[in-house]
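The lines below spell out each chain.
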Amino acid sequence: MWFRSPAAATPGGGTSEPAAVIGAPAPDFTLTTVDGDSLRLSDLKGKVVALNFWATWCAPCRLEMPDLQDRADQFPDRLAVVGVNFAETAEEVATFRREVGVRFPLLLDPEADVQGLYRVLGYPTTFFIDEQGIIRQQHIGLMSGGQLDTYLEEMGLTA
């Protein structure tokens, strides 16, 4: 199994299994991009995925986006960078994308369902998922270019 399907809800609002655990399959989801296309996480099978949770009002998110875009450009056939926005409008996200110059997919999570599935508590938060769909690393807070490179090297991506 490459990605784990979302856990079934249980009485009391919990799930029947833990979500987003390092060493476990990444919970699968489908969201709409800011351009109106649909993206399913499991469709990225065979690539390393940097799954970045962010918001337009988050200054550290804005600071790390250029490094994420640079690495997406550096490893176009082996790395998929995907940004999941925290419950903001498509217009806000599109404006942010233009200001920052991001070209990787920015997904809309209007009800913060995927944020909840991954138990995101702060921004930015980035999960690194291997080619088989296993979560290998989680970084909470601003990630420097050097830290990003270290994570990618641990995933087998070197310049």
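Residues numbered from 1 in each chain as written. Predicted model: local features only at pLDDT ≥ 70, side-chain atom pairs only at ≥ 80, totals over all residues. Heavy atoms only, no water.

> I tried to follow unusual backbone geometry on my own but got confused; where do I start?
Backbone torsion omega between Tyr123 and Pro124 reads -10°, so that peptide bond is classified as cis. Positionally, Pro124 belongs in the loop between helix 3 (113–117) and strand 6 (125–129). Phi is positive for Ala112, which is not a glycine, with a value near 60°. Note on placement: Ala112 falls in the loop between strand 5 (106–109) and helix 3. (Helix = DSSP H or I, 4+ residues; strand = E, 2+ residues; numbered from the N terminus.)

> In this structure, what is going on with the pairing of strand 4 (residues 79–86)? I would like to understand it.
Across the eight residues that make up strand 4, a large majority, seven, are buried. Relative to strand 4, strand 3 (residues 48–54) runs parallel, the two being bridged by seven bridges. Counted as the bridge partner of Ala50 is Val81 from strand 4. This β-α-β element, strand 3 to helix 1 (residues 59–74) to strand 4, shows right-handed connectivity. Two elements, strand 4 and strand 5, share four bridges in a ladder whose sense is parallel. Paired with Phe86 across the two strands is Asp109, which belongs to strand 5. Handedness of the β-α-β unit built from strand 4, helix 2 (residues 90–100) and strand 5 comes out right-handed. (Buried < 20%, exposed > 50% of the residue type's maximum accessible area, 1.4 Å probe, protein only. Pairing = 2+ DSSP bridges. Right-handed = clockwise from strand over helix to strand, strands pointing away.)

> What exactly am I supposed to notice about the packing of aromatic side chains here?
We describe a pair of aromatic rings using the distance from one ring centre to the other and the angle between the two ring planes. Applying the stated criterion across every chain, the model contains eight aromatic pairs. One aromatic cluster is present, built from ring pairs that chain together Phe29, Phe53, Tyr118 and Phe127. (Phe/Tyr/Trp six-rings, centres within 6.5 Å; stacked < 30°, edge-to-face > 60°.)

> Could you clarify how one ought to interpret the sheet that holds strand 6 in this entry?
What holds strands together in a sheet is hydrogen bonding between their backbones, with the strands either parallel or antiparallel. Taken in spatial order, the seven strands make up an open sheet running 2-1-5-4-3-6-7, and their pairing is mixed. The two strands at the open ends of the sheet, each matched to only one other strand, are strand 2 (38–40) and strand 7 (135–140). The average angle at which neighbouring strand axes cross in this sheet is 30°, direction not considered. Pairing of strand 3 with strand 6, which is carried by five bridges, proceeds in the antiparallel orientation. Pairing of Ala50 across the sheet is with Phe128, part of strand 6. (Axes fitted to C-alpha atoms, helices over the stretch in contact; angles between N-to-C directions.)

> Whenever I open this one, the nonpolar core confuses me. Can you help?
One broad trend across soluble globular proteins is that nonpolar side chains are buried collectively. Counting 50 residues, the largest nonpolar core has Phe29, Leu51, Phe53 and Tyr118 as its most contacted members. Elements with a contribution of two residues or more to this core: strand 3, helix 1, strand 4, helix 2, strand 5, helix 3, strand 6 and helix 4 (145–154). With six residues, the single largest contributor to this core is strand 3. Among all residues touching Tyr118, those that are not within four sequence positions of it are Ala20, Ala26, Pro27, Phe29, Leu41, Leu51, Phe53, Phe127 and Ile135. (Core = buried A, V, L, I, M, F, W, Y, C linked by side-chain atoms within 4.5 Å. Contact = heavy atoms within 4.5 Å.)

> Looking at this model, I keep getting lost on the pattern of salt bridges. Mind explaining?
One side chain can pair with another of opposite charge once the charged atoms of both are near each other. Here the structure, examined in full by the defined rule, presents eight salt bridges. Residues Arg97 and Asp35 are paired through a salt bridge, measuring 3.0 Å at the closest nitrogen-oxygen approach. Pair noted here: Arg97 is in helix 2 and Asp35 is in the loop between strand 1 (30–33) and strand 2, with a separation of 62 residues, a long-range link. The residue Asp67 makes a salt bridge to Arg71 at a minimum N-O spacing of 3.7 Å. (Salt bridge = Lys/Arg side-chain N within 4 Å of Asp/Glu carboxyl O.)

> What is the right way to look at helix 2 in this model?
Structurally, the α-helix is built with 3.6 residues per turn, so residues lying three or four positions apart point the same way. Turning to helix 2, its buried residues number three or more, namely Val93, Ala94, Phe96 and Val100. All buried residues of helix 2 project into a common sector of 160° when viewed along the axis, lining one side. Opposite its buried face, helix 2 presents the exposed residues Glu91, Arg98 and Glu99, each directed more than 90 degrees away. At its buried positions, helix 2 is contacted by strand 3, helix 1, strand 4 and strand 5. (Arc of directions from axis to C-beta.)

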